[in-house]
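Residue-level listing of the chains:
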Amino acid sequence: MTTTPDPFAAATRGIADPHPARAALRAAGPVVRAEAPAGGPVWIITDDVLARQVLVHPRIVKDPAYAPAGWDPRVAGLEPTAADQPSLTTLDGLAHTRLRQAHAPLFTARRMRDHTERITTLARDLLTALADTGQTVDLTADFTTRFPLAAVCDVLGVPPGRIDQAIAACRRMHSDDPQEIGAAMAAFADLAAAALEEGRDGLAVRLRDRVPGEITEAHLHYLIFTLIYAGQLTTDPALGFLLARVLGGDRTAADELVRDTLREHPPAPFTLWRFTSADIDLAGLRIPARSAILIDIQGINTDPTRSIGPDLTFGAGPHYCTGAHLAQLELRVVVEVVRTHFPDARLAVPYAELRQSDFGGIQGGRLTALPVRLRG
């Protein structure tokens, strides 16, 4: 074990500058002990092969009930325990399998492709409204948040007039004030209820018909919240980095460009928290029960010695991101819309001058600003 730079520190750096802790973590070994933001040790997995083993390990679980004793759930950013609030991101084993079987068929690549035309229209209309101002616009000020929320809400069946409510709720989730978080959760419950109104034909209604019988209406509202919030949180930061490349003149094919951007700038640099449900051995280390474990997604994705193969942007194993196909579709659509409908669009500053912020903790980074001219 070796002391490394704090991988959870907040910082601002150039768009092309590597994270200062990534190489140091890799050099420290396949399992690195660090200080968790909520206190105590966290074990960070830096090796690709070991990471994939951890992602399917039966004694490494997602349930926050196994978090280290004394952790403040608010400081750690923990969800409610699986017993209090069943969700795809906190359940394990058979209970998780049953809930995933309710979700997964609704979010296949084929089903998401059925939404291509509508999502394309959303992207084109939002960018056209910005272009019509004739001004230089910062796409991170609103577009990178509004577009993915409009897309996921449209897929779920949330009425289009509720997008501003969804944006406000997502932004409140970043507050340190528990009252603000409570207000955000109430707003998300309202959005879920709106998506479930009689006569609506989004995936929220179809999900209600598929979830296990023990899932209550309140539980269902939470499941819809996770889809909305994760839909924004996943795509928003990636969209900024992707558009920076497109508007900086990168002509790489859309599929490859999306894949490379997500590999280099994954929306989450680490997996969500995982915990040991019993003492385990990892890479020759004895890890006690109720220990926190993270996988360094960004470090593994960008490891220059790593063999070419699937990256870990959306995870692997039973907790592979349910919305991965939707997120990738949204990103491809934006590339095609910009290239087709805004051929003269360009950055308003040199690419090298763009900056990114790491928020600290296990959150991903995003561009501080993306000033562009959408028309010549």
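Further up the page is the structure itself.
This one's a predicted model, so the numbers in the text were calculated from it and none came from an experiment.

Chemist: Is there a simple way to think about the overall build of the protein in this case?
Modeler: Of regular secondary structure, the protein possesses 14 helices and 13 strands. In terms of overall dimensions, the protein has a C-alpha envelope of 60 × 50 × 40 Å along the principal axes. Within the protein, buried positions represent 51% of all 376 residues. For the protein, contacts bridging at least 24 residues in sequence account for 72% of all contacts bridging at least 6. Surface exposure of the protein reaches about 16300 Å², of which carbon and sulfur atoms provide 52%. Taken as two groups, the 38 positive and 44 negative side-chain charges of the protein have centres that lie 3 Å from each other.

Chemist: Hey, could you run me through the sheet that holds strand S1 (residues 11–14) in this one?
Modeler: In a beta sheet, neighbouring strands are held together by backbone hydrogen bonds and run either parallel or antiparallel to one another. Overall, antiparallel pairing links the 3 strands, which are arranged S1-S11-S12 in an open sheet. One side of each edge strand has no neighbouring strand; the edge strands of this open sheet are S1 and strand S12 (366–367). Both S1 and strand S11 (residues 355–358) contribute to a ladder of 4 bridges, which runs antiparallel. Its bridge partner being in S11, Ala11 is matched across the sheet by Asp358.

Chemist: What exactly am I supposed to notice about the sheet that holds strand S6 (residues 274–276) here?
Modeler: One open sheet accounts for 5 strands, arranged S2-S3-S9-S6-S4; its pairing is mixed. Edge positions in the sheet fall to strand S2 (31–35) and strand S4 (60–61), since each of these pairs with one other strand and no more.

Chemist: Explain the packing of helix H6 (residues 116–131) against helix H7 (residues 143–156) here, please?
Modeler: For any two helices packed against each other, one specifies the crossing angle of their axes together with the interaxial distance. Between H6 and H7, the least distance of the axes is 10 Å, while the angle of their chain directions is 150°. With respect to H7, the axis of H6 lies roughly antiparallel. For the pair H6 and H7, the crossing hand works out as right-handed. Mapping the contact onto sequence places Arg118, Ile119, Leu122, Ala123, Leu126, Leu127 and Leu130 in H6 and Phe143, Arg146, Phe147, Ala150, Ala151 and Asp154 in H7. Here the contact of H6 with H7 is composed, by residue class, of 10 nonpolar, no polar and 3 charged.

Chemist: Please clarify how the pairing of S11 should be interpreted in this entry.
Modeler: Looking along a regular strand, one sees the side chains alternate between the two faces of the sheet. Direction of pairing for S11 relative to S12: antiparallel, over a ladder of 2 bridges. Residue Ser357 lies in a different strand from S12, and its bridge partner there is Arg366.

Chemist: What should I look at first to understand the pattern of salt bridges in this one?
Modeler: Between side chains of opposite charge, a pair can form as their charged atoms come close. What the rule picks out here adds up to 19 salt bridges. Of the charged contacts in the structure, one is a salt bridge between Asp114 and Arg110, with a shortest N-O distance of 4.0 Å. According to the relative accessible area criterion, Asp114 is exposed, its value standing at 57%. For Asp236, the salt bridge is made with Arg366, and the minimal N-O distance between the two is 3.4 Å. In this pair, Asp236 is assigned in helix H11 (residues 217–247) and Arg366 in strand S12, connecting sequence segments 130 residues apart. Its relative accessible area of 1% is what places Asp236 among the buried residues. In this structure, a network of salt bridges that share partners links the residues Asp48, Arg52 and Arg306.

Chemist: Hey, could you run me through unusual backbone geometry in this one?
Modeler: Note: most peptide bonds trans; most residues except glycine with negative phi. Phi at Ala283 is positive, roughly 50°, even though this residue is not glycine. Positive phi, normally seen in glycine, also occurs at Arg290, with a value near 60°.

Chemist: Is there a simple way to think about helix H9 (residues 178–195) in this case?
Modeler: Every α-helix winds through 3.6 residues per turn, so residues three or four apart in the chain are directed the same way. In this model, H9 (18 residues) spans 26 Å end to end at C-alpha, consistent with the 26 Å of a helix rising 1.5 Å per residue. Those residues of H9 lying buried are Ala184, Ala187, Phe188, Leu191, Ala192, Ala194 and Ala195. Mapping the buried residues of H9 onto a view down its axis gives an arc of 160°, with all of them on the same face. Summarising the geometry of H9, the exposed residues directed more than 90 degrees from the buried face are Pro178 and Gln179. Buried residues belonging to H9 abut H7, helix H8 (163–172), helix H10 (203–208) and H11.

Chemist: Help me understand the packing of H7 against H11, please; the structure alone is not making it clear to me.
Modeler: Running from N to C, H7 and H11 point in directions that differ by 140°, and their axes come no closer than 8 Å. Between H7 and H11, the angle is such that the two are oblique. Judged by the sense of rotation from one axis to the other, the crossing of H7 with H11 is right-handed. Each of Phe143, Thr144, Thr145, Phe147, Pro148, Leu149, Val152, Cys153 and Leu156 in H7 lies in contact with H11, whose residues at this interface are Ile224, Leu227, Ile228, Gly231, Gln232, Thr235, Asp236, Leu239, Gly240 and Leu243. Among the residues forming the contact of H7 with H11, the class breakdown is 12 nonpolar, 6 polar and 1 charged.

Chemist: Would you take a moment to explain the side chain of Thr271 for this structure?
Modeler: Along the chain, the position of Thr271 falls in the loop between helix H12 (254–264) and S6. From its side chain, Thr271 meets the backbone nitrogen of Ile295 in a polar contact 3.0 Å long. If we skip the residues at most four places from it in the chain, Thr271 touches Leu55, Leu294, Ile295, Ile297 and Ile362.

The rules behind the values
- Residues numbered from 1 in each chain as written.
- Predicted model: local features only at pLDDT ≥ 70, side-chain atom pairs only at ≥ 80, totals over all residues.
- Heavy atoms only, no water.
- Helix = DSSP H or I, 4+ residues; strand = E, 2+ residues; numbered from the N terminus.
- Buried < 20%, exposed > 50% of the residue type's maximum accessible area, 1.4 Å probe, protein only.
- Contact = heavy atoms within 4.5 Å.
- Areas by Shrake-Rupley, 256 points an atom, 1.4 Å probe, with all protein chains shown as cover.
- Lys, Arg positive; Asp, Glu negative; His and termini not counted.
- Charge placed at Lys NZ, Arg CZ, Asp CG, Glu CD.
- Pairing = 2+ DSSP bridges.
- Axes fitted to C-alpha atoms, helices over the stretch in contact; angles between N-to-C directions.
- Parallel < 35°, antiparallel > 145°, perpendicular 65-115°, else oblique.
- Left-handed = near helix turned anticlockwise from the far one by under 90°.
- Nonpolar A, V, L, I, M, F, W, Y, C, P; charged D, E, K, R; others polar.
- Salt bridge = Lys/Arg side-chain N within 4 Å of Asp/Glu carboxyl O.
- Expected span 1.5 Å × (residues − 1).
- Arc of directions from axis to C-beta.
- Polar contact = N/O pair within 3.5 Å; in protein donor to acceptor, adjacent residues only side chain to side chain.

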